[in-house]
Amino acid sequence: MHRSPVGLEFMTPTYSLVIPIYNEEATIAELYRRVSILMDRLDAPTELILINDGSRDRSLCLIRELHDKDPRVCYLSLARNFGHQIAVTAGLNFVRGKVVIILDADLQDPPELIPDMLELWRQGYQVIYAQRTQRKKEGWFKRLTAYVFYRLLKRLADIDIPTDTGDFCLMDRQVVDVLNAMPERNRYIRGLRSWVGFRQTSLKFERDPRFAGEVKYTFRKSFSLAINGLVSFSKVPLQISTYIGLFSAFIALIMAVLVLCWRIFVPSSPLTGITIVIMAMFFLGAVQLVSIGILGEYIGRIYEEVKNRPLYTLGEVAGFEGCKGPRLLG
Ligand code: UDP
Ligand code: MG
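Residues numbered from 1 in each chain as written. Chains lettered and ligands numbered in written order. Predicted model: local features only at pLDDT ≥ 70, side-chain atom pairs only at ≥ 80, totals over all residues. Heavy atoms only, no water.

Side note on the packing of helix α5 (residues 140-156) against helix α8 (residues 219-233)
- Across the interface, α5 lies against α8 with an axial gap of 10 Å and an inter-helix angle of 10°. Taken together, α5 and α8 sit at an angle that is classed as roughly parallel. Only Phe219, Ser222, Ala226, Gly229, Leu230 and Phe233 of α8 make contact with α5, whose side of the interface consists of Phe141, Lys142, Phe149, Leu152, Leu153 and Leu156.
- Considering only residue class, the contact of α5 with α8 consists of nine nonpolar, two polar and one charged. (Axes fitted to C-alpha atoms, helices over the stretch in contact; angles between N-to-C directions. Helix = DSSP H or I, 4+ residues; strand = E, 2+ residues; numbered from the N terminus. Parallel < 35°, antiparallel > 145°, perpendicular 65-115°, else oblique. Contact = heavy atoms within 4.5 Å. Nonpolar A, V, L, I, M, F, W, Y, C, P; charged D, E, K, R; others polar.)

Here's the deal with the coordination of the magnesium ion (ligand 2)
- Looking at the metal site, the magnesium ion (ligand 2) is ligated by Asp106 (OD) and Gln108 (OE1), spaced 1.9 to 2.0 Å from it.
- The class for Gln108 is buried, based on a relative accessible area of 7%. (Donors = N, O, S within 2.8 Å, 3.2 Å for Na, K, Ca; no water. Buried < 20%, exposed > 50% of the residue type's maximum accessible area, 1.4 Å probe, protein only.)

Examining the site of ligand 1
- Surveying the vicinity of ligand 1 reveals 19 residues, the closest of which are Asp53, Asp106, Gln108, Lys142 and Lys216.
- Within the contact set of ligand 1, a nitrogen atom lies 2.6 Å away from a side-chain nitrogen or oxygen of Asp53.
- Asn81 places a polar side-chain atom, nitrogen or oxygen, 3.1 Å from an oxygen atom of ligand 1.
- Considered class by class, the residues forming the shell around ligand 1 number six nonpolar, four polar and nine charged. (Near = heavy atom within 4 Å. Polar contact = N/O pair within 3.5 Å; in protein donor to acceptor, adjacent residues only side chain to side chain.)

With respect to the side chain of Thr14
- Locating Thr14 in the fold gives a position in the segment before β1 (15-21).
- The class of Thr14 is buried, set by a relative accessible area of 16%.
- The contact partners of Thr14, leaving out residues within four places of it in the chain, are Ala44, Pro45, Gly97, Lys98 and Val99.

Details of the nonpolar core
- Membership of the largest hydrophobic core comes to 41 residues, with the highest contact counts inside it found for Leu92, Met171 and Tyr312.
- Contact partners of Leu92, with chain neighbours within four places excluded, come to Val18, Val100, Ile102, Met171, Val176, Leu179 and Asn180.
- Among the nonpolar cores identified, the runner-up in size contains 37 residues, and Tyr15, Ile21, Ile28 and Leu38 belong to it. (Core = buried A, V, L, I, M, F, W, Y, C linked by side-chain atoms within 4.5 Å.)

Looking at the pattern of salt bridges
- This model, assessed by the stated rule, comprises 14 salt bridges.
- With its nearest N and O atoms 2.9 Å apart, the salt bridge here joins Asp70 to Arg72. There is no split in this pair, since Asp70 and Arg72 are both buried.
- We note a salt bridge from Arg151 to Asp164, for which the minimum N-O separation is 3.0 Å. One end of the pair, Arg151, is in helix α5; the other, Asp164, is in the loop between α5 and β6 (165-172), with 13 residues separating them in the sequence. (Salt bridge = Lys/Arg side-chain N within 4 Å of Asp/Glu carboxyl O.)

Section: the pairing of strand β4 (residues 99-102)
- Of the two faces of β4, the one holding Val99 and Ile101 and the one holding Val100 and Ile102 are both buried throughout.
- As paired strands, β1 and β4 are joined by four bridges and run parallel to one another. Each residue of the ladder has a partner; that of Leu17, found in β4, is Ile101.
- With four bridges connecting them, β4 and β6 associate as antiparallel partners. Its bridge partner lying in β6, Ile101 is registered against Leu170. (Pairing = 2+ DSSP bridges.)

Things to note about the packing of helix α6 (residues 173-181) against helix α7 (residues 189-196)
- For the pair α6 and α7, interaxial distance at closest approach is 10 Å and the crossing angle is 115°. Remark: the crossing between α6 and α7 carries right-handed chirality. Between α6 and α7, the contacting residues are Val175, Val178 and Leu179 on the first element and Leu192, Arg193 and Val196 on the second.
- Its residues placed into classes, the contact of α6 with α7 shows five nonpolar, no polar and one charged. (Left-handed = near helix turned anticlockwise from the far one by under 90°.)

Some points on the confidence of the model for the protein
- When the pLDDT values of the protein are averaged, the result is 84; 91% of them are 70 or greater.
- Confidence over residues 1-9 falls short of pLDDT 50; this stretch has 18 contacts with residues more than four positions distant or in other chains. (pLDDT = per-residue confidence, 0-100.)

A look at the side chain of Glu24
- As for its placement among the helices and strands, Glu24 is situated in the loop between β1 and α1 (28-41).
- The class for Glu24 is buried, based on a relative accessible area of 5%.
- Leaving out residues up to four positions away in the same chain, Glu24 has contacts with Asp57, Ser59, Ala105, Asp106, Arg210 and Lys216.

Thoughts on the state of the cysteines
- Within this structure, the stated rule accounts for zero disulfides.
- Between Cys61, a cysteine without a disulfide, and Cys74, which holds the nearest cysteine sulfur, the sulfur-to-sulfur distance is 18 Å.
- Among the residues examined, Cys61 registers a relative accessible area of 36% and is labelled partly exposed. (Disulfide = S-S within 2.5 Å.)

Here you go:
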């Protein structure tokens, strides 16, 4: 059984590792093994914050067992599945360390990279985000959609969000305090992280395949994350309908002029073209529906913000002595 140095339970940790967990029973033991090797090597006390995001498998039992045998392990258990971004936000609300590192539970983000991140932090950087140079063994569809999405986001967003970066990063306490104080409910963490500024740098790495289990980000969840990123950080989609509207009006004007000339100069011409009319109707109908949908995305988000509900509900919390607690609750 692992025992930390005497009194560590009551010592404020210097490093905080934040790991969201959703149905990861197959990876938790290996995750703990690799992370604890790293924690033993670090030069200061470390806390490992595991956030159970409403798992339906044995994840929570395994997390409780880890907490019982190693006082460095603390955990939060959300009362249902709130999604990856909210799970990470909950973890950030509870961290006590001077340095915070976010990583995935499936070991796609190698913990062994953390000492290099800490080295950059010592050099004065306050955000060190890991940038994937390669994704090993991920399907072509995921790689293609991720490739297109990150480039689209970079072009459309009001701020510079680096391509091919996930949530795997190291952040200084000062940055985490700013993130925790941000009131918005739609939390696209990698966007907010870029938005806050501070001294940022990247660390390149090759993304390993998932250690075990299925991908927890279903297509629907990834799509919703992508829409969230775009809508939270860009107003361009709102303007698309204006541009398409202007373009259609321009085409309609040209068509009107052509039809008029045709009528005047070729009086015998039969003016058929019902197919064209129907196509135009469908096209314009589609444009209008898409535009309304885009408006809906923004209005839905305004509605979310206005409701002002807590971001998550907690079912269970353990191991956070001396923690001031979440700032975003209530
Ligand atoms: N995750 C979570 N809640 C969810 C979905 C995922 O906490 O609703 C966690 C999951 O356990 C993992 C991380 O988020 O630690 C990334 O999930 P996954 O590996 O499935 O996504 P991907 O590798 O495709 O980004
Ligand atoms: Mg993964």
